[in-house]
Amino acid sequence: MISRRKFIAAGTSGLLVAGCDRLDRSETFRGILRSSEGLTMKAQRLITSRDALAPEYRAADMSPIFRSNGTRLPNTNEYARHLNENFANWRINVDGLVARPLSIPIQKLRSLPHRTQITRHDCVEGWSAIGKWHGVPLATILGAAELSTRAKYIVFHCADRFGDRQYYESIDLIDAFHPQTILAWAMNDRLLPVPNGAPLRLRVERQLGYKQAKYIQRIEAVESLAGVYGGRGGYWEDTNDYEWYAGI
Amino acid sequence: MNRIEIDEPAPAEASQVVVRHRLGTRIWHWVNAVTVFVMLMSGLMISNAHPRLYWGNYGANFDHAWLQLPRFPGWLTIPSYYSLSGARRWHLAFAWLFAAGLVIFLLVSLWNRHVQRDLAPTRDELRPRHIWHDIKEHARLSFPTGEAAARYNTLQKLSYGAVIFVLLPLLVLTGLAMAPAMSAAWPWLVEAFGGRQSARSIHFLCAAGVGLFIIIHLIMVALAGPVNEIGSMVTGRFRLRTEAGQQ
């Protein structure tokens, strides 16, 4: 027999959880909770100088194994062909709101002056890994393409697919021009491995892992994210309701 | 029934009503009653996304975890179905209420001397003999009566102090230390905790401490007379009882 106290406790817990689930499914309530995303971003930006660097570590501090996450091998024929060719014909297109659209061969990109940084990768799930990245500052590329003053966001179109959806991510210009924001082509002193985004991935060190787009093929400058894919600024934002601002 | 009996003040003699909790304390208590539950339950869902704890700056699947947590069941999590983004949405929104409430409570309570007058243990109360006496009294479930029940006893002061001044502030600070943007804004914060994964472990340990506090707190409320105790946290007024033997 179930005691009255137990019955009340179980009932209360059940009601509480059921109530929270109902609230969680309500678009209005989600909207209220989501408003904290803007508050968090404004507050963090307020106390962080524009060029404040994420911590950089010594070689001795690095993770022995840097795990990968998300796509480990893009499953398209096109990517398989590029992998077979050792990415010899991989190009990065830069377009959208730029005066000079570019199409940069990966070899050319690897020959540009690069930045090396040992930084911490924080996954939204909770784990962290420290790795060493070599890459071209995104600011260099945006400068060469002569970014329009109308541009507000930079969108990264990726070669990997989740089902029939293409992975993409976006950042604003504060992060795009941050000195540690690089298009990385090497990790831990080796060319970027396939599970970590070969041949090119983004490092945007003041945000979580899902912003670090891998397998980058196209960089697009836009004024608004509304017309891009699902309109929320990224694959996980569109499909799973993750926040676009991932500084926390 | 006759009038004389009704007019007799006899029952009032045994009890006296005092104001025990100020409005600020009561508001903060009930805001927290909601906020802390949301934080704990959404936090358990976030833990489910990667239920391993590490020390240091890095820590992932191939690294040594000092603690492997169980997968928390749906009736303990918000939302009850697996959703890391949903749990984060709850956790990071209520975190603002939680942190703002704590800061305001601390400032107001220092200002109106609630901390100094009611929460700080006196020198005498901190003597081992006094603490030991309080522990024995609690173990016998013999709670203070009369005037003494209007004030916090030593064990209450120590446990409330540990929660208000240690666990809750640490939860806010270690929470901030886990944010990648905060590592750029305040790099000293994450280093103060010994790295991001250490901050995450401390965050979990403090949350467990708050969970333990809530369980003991609810048991104590139930044993000490739930109607009077809960009523006093709503209205502020507490009915003092004298021991039967003293009458």
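Residues numbered from 1 in each chain as written. Chains lettered and ligands numbered in written order. Predicted model: local features only at pLDDT ≥ 70, side-chain atom pairs only at ≥ 80, totals over all residues. Heavy atoms only, no water.

In the annotation of an unreviewed UniProt entry, chain B is listed under the name Cytochrome b/b6 domain-containing protein and assigned to Sphingomonas sediminicola. Under the heading Subcellular location (unreviewed entry), UniProt records this for chain B: "Cell membrane". Within the UniProt record for chain B, the comment given under Sequence similarities (unreviewed entry) is "Belongs to the HupC/HyaC/HydC family." (UniProt positions renumbered as here; feature names shortened; annotations may be inferred.)

An unreviewed UniProt entry lists chain A under the name Molybdopterin-dependent oxidoreductase, with Sphingomonas sediminicola given as the organism.

Trainee: Tell me what's going on with the pairing of strand S3 (residues 115–122) of chain A, and back it up with residues and numbers.
Mentor: For S3(A), the tally of buried residues reaches six of eight residues, placing the bulk of the element in the interior. Linking S3(A) to strand S4 (residues 128–137) of chain A, which pair antiparallel, is a turn of five residues; within it Gly126(A) sits at a positive phi near 125°. (Buried < 20%, exposed > 50% of the residue type's maximum accessible area, 1.4 Å probe, protein only. Helix = DSSP H or I, 4+ residues; strand = E, 2+ residues; numbered from the N terminus. Pairing = 2+ DSSP bridges.)

Trainee: Any chance you could break down the sheet that holds strand S2 (residues 102–105) of chain A for me, citing the residues and the numbers?
Mentor: All names here are of chain A. If you trace the five strands from one edge of the open sheet to the other, you get S2-S1-S10-S5-S6, paired in mixed fashion. On the outer flanks of this sheet lie S2 and strand S6 (165–172), each paired with one strand and no other. For this sheet, the mean inter-axis angle between neighbouring strands, taken without regard to orientation, is 20°. The sheet contact formed by strand S5 (residues 153–162) and strand S10 (residues 216–222) spans six bridges and is antiparallel. Residue pairing in the sheet places phenylalanine 156 in a bridge with isoleucine 219 of S10. (Axes fitted to C-alpha atoms, helices over the stretch in contact; angles between N-to-C directions.)

Trainee: Give a description of the packing of aromatic side chains that names residues and reports values.
Mentor: A complete count under the given rule lists 21 aromatic pairs over all chains for this structure. Taking the centre distance of 4.5 Å and the plane angle of 25° together, the rings of Phe162(A) and Tyr235(A) count as stacked. Of this pair, Phe162(A) sits in strand S5 while Tyr235(A) sits in helix H7 (residues 235–240), and the two are 73 residues apart along the sequence. Judged by relative accessible area, which is 23%, Phe162(A) ranks as partly exposed. Taking relative accessible area as the criterion, Tyr235(A) reaches 9% and is therefore assigned buried. With a centroid separation of 5.9 Å and an interplanar angle of 15°, the aromatic rings of Trp90(B) and Phe94(B) are classed as stacked. Placement of the pair is Trp90(B) and Phe94(B) together in helix H4 (residues 84–111), with a separation of four residues, close to one helical turn. One aromatic cluster is present, built from ring pairs that chain together Phe162(A), Tyr167(A), Tyr210(A), Tyr235(A), Trp236(A) and Tyr242(A). Between the NZ or CZ atom of Arg20(B) and the centre of the ring of Phe238(B), over which it lies, the distance is 3.7 Å. (Phe/Tyr/Trp six-rings, centres within 6.5 Å; stacked < 30°, edge-to-face > 60°. Lys NZ or Arg CZ within 6 Å of the ring centre and 35° of its normal.)

Trainee: Talk me through a nonpolar patch on the surface; I want residue IDs and the actual numbers.
Mentor: On the surface, Leu141(B), Ile215(B), Ile219(B) and Leu223(B) cluster together to form a nonpolar patch covering roughly 370 Å² of accessible area. Looking at the secondary structure, you find Leu223(B) in helix H10 (residues 196–224). (Patch = residues over 30% accessible without salt bridge, like charges linked within 9 Å, V, L, I, M, F, W, Y side chains within 5 Å. Areas by Shrake-Rupley, 256 points an atom, 1.4 Å probe, with all protein chains shown as cover. Salt bridge = Lys/Arg side-chain N within 4 Å of Asp/Glu carboxyl O.)

Trainee: Which residues make up the UniProt feature "transmembrane region" (unreviewed entry) in chain B, and what are the values?
Mentor: Residue and element names in this part refer to chain B. Summarizing the sequence annotation, UniProt attributes the feature "transmembrane region" (unreviewed entry) to residues 27–46, 90–111, 160–182 and 202–223 in the numbering used throughout. The span residues 160–182 is 91% helical and 0% strand by assignment, and the distance between its end C-alpha atoms comes to 29 Å. Structurally, residues 202–223 is divided into 100% helix and 0% strand, and its ends, taken at the C-alpha atoms, are 31 Å apart.

Trainee: For unusual backbone geometry, give the residues involved together with the corresponding values.
Mentor: Omega for the bond connecting Ala198(A) with Pro199(A) falls within 30 degrees of zero, at 0°, which places this linkage in the cis form. Relative to the elements of secondary structure, Pro199(A) occurs in the loop between strand S8 (190–191) and strand S9 (201–203). Residues other than glycine seldom take positive phi values, yet Phe87(A) does so here, at roughly 60°. Relative to the helices and strands, Phe87(A) resides in the loop between helix H3 (77–84) and strand S1 (91–96). Looking at Phe87(A), the relative accessible area reads 6%, which means it is buried. Phi is positive for Arg113(B), which is not a glycine, with a value near 65°. Mapped onto the elements of the fold, Arg113(B) is located in the loop between H4 and helix H5 (114–119). According to the relative accessible area criterion, Arg113(B) is partly exposed, its value standing at 49%.

Trainee: Pulling in residues and values, what's your account of the environment of Ala221(A)?
Mentor: Residue and element names in this part refer to chain A. By the element assignment, alanine 221 lies in strand S10. The spacing of alanine 221 and asparagine 84 is 137 residues in sequence and 30 Å in space, taken between C-alpha atoms. Aside from chain neighbours lying at most four places away, what touches alanine 221 is Asp95, Gly96, Leu97, Val98, Leu147, Ala151, Tyr153 and Ile154. (Contact = heavy atoms within 4.5 Å.)

Trainee: Please give an account of the interface of chain A and chain B that cites residues and values.
Mentor: How big an interface is tends to be expressed through the accessible area that disappears when the partners come together. Counting residues at the interface gives 52 residues for chain A, matched by 41 residues for chain B. Taken together, the links from chain A to chain B amount to four salt bridges. With its nearest N and O atoms 3.4 Å apart, the salt bridge here joins Glu243(A) to Arg88(B). Put simply, chain A and chain B have 20 residue pairs in polar contact (both at pLDDT 80 or more) between them. (Polar contact = N/O pair within 3.5 Å; in protein donor to acceptor, adjacent residues only side chain to side chain.)

Trainee: I'd like to hear about the packing of helix H3 (residues 23–49) of chain B against H10(B), residue by residue, with values.
Mentor: Axis angle and axis distance: for two packed helices, these are the angle between their axes and the distance between the axes, and together they describe the pair. Residue and element names in this part refer to chain B. One can describe the packing of H3 onto H10 by two numbers: an axis separation of 11 Å at closest approach and a directional angle of 130°. Between H3 and H10, the angle is such that the two are oblique. Between H3 and H10 the crossing geometry is left-handed. Here His29, Val36, Phe37, Leu40, Leu44 and Ser47 of H3 come into contact with H10, specifically with Phe204, Ala207, Val210, Gly211, Ile214 and His217. Broken down by class, the residue content of the contact of H3 with H10 amounts to eight nonpolar, four polar and no charged. (Parallel < 35°, antiparallel > 145°, perpendicular 65-115°, else oblique. Left-handed = near helix turned anticlockwise from the far one by under 90°. Nonpolar A, V, L, I, M, F, W, Y, C, P; charged D, E, K, R; others polar.)

Trainee: Hey, could you go over the environment of Met178(B) for me, with residue numbers and the actual values?
Mentor: With respect to the helices and strands, the residue Met178(B) is situated in the loop between helix H7 (154–177) and helix H8 (180–185). Here Met178(B) falls in the buried class, since its relative accessible area comes to 16%. Sequence separation of Met178(B) and Ala199(B) is 21 residues, and the distance between their C-alpha atoms is 6.6 Å. If we ignore the near neighbours within four places in the chain, the residues touching Met178(B) are Asp122(A), Arg196(B), Arg200(B) and His203(B).

Trainee: I'd love a proper account of empty space enclosed by the protein, names of residues and values included.
Mentor: Summed over the entire model, instances satisfying the criterion amount to three cavities of 30 Å³ or more. Roughly 80 Å³ of internal volume is contained in the largest cavity. For the largest cavity, the full set of lining residues is Leu33(A), Arg34(A), Ser36(A), Glu37(A), Thr40(A), Glu243(A), Tyr245(A), Ile248(A), Arg88(B), Arg89(B) and Leu92(B). Put simply, the parts of the chain that give the lining of the largest cavity at least two residues each are helix H2 (27–47) of chain A together with H4 of chain B. When residues in the lining of the largest cavity are grouped by element, the largest group, five residues, is from H2(A). Looking at the lining of the largest cavity, its residues break down into four nonpolar, two polar and five charged. For the second largest cavity, the calculated volume is near 60 Å³. Around the second largest cavity, the lining residues are Ala54(A), Pro55(A), Tyr57(A), Thr119(A), Arg120(A), Asp122(A), Glu205(A), Pro180(B) and Ser183(B). Of all elements in the fold, only S3 of chain A together with H8 of chain B reach the threshold of two or more residues within the lining of the second largest cavity. Of the residues forming the lining of the second largest cavity, the biggest block, three residues, is contributed by S3(A). (1 Å grid on protein atoms, 1.4 Å probe; cavity = no way out; pocket = protein on both sides within 12 Å on 5 of 7 lines; lining within 4 Å. Points joined across faces, edges and corners; volume = space filled by probe spheres on them.)

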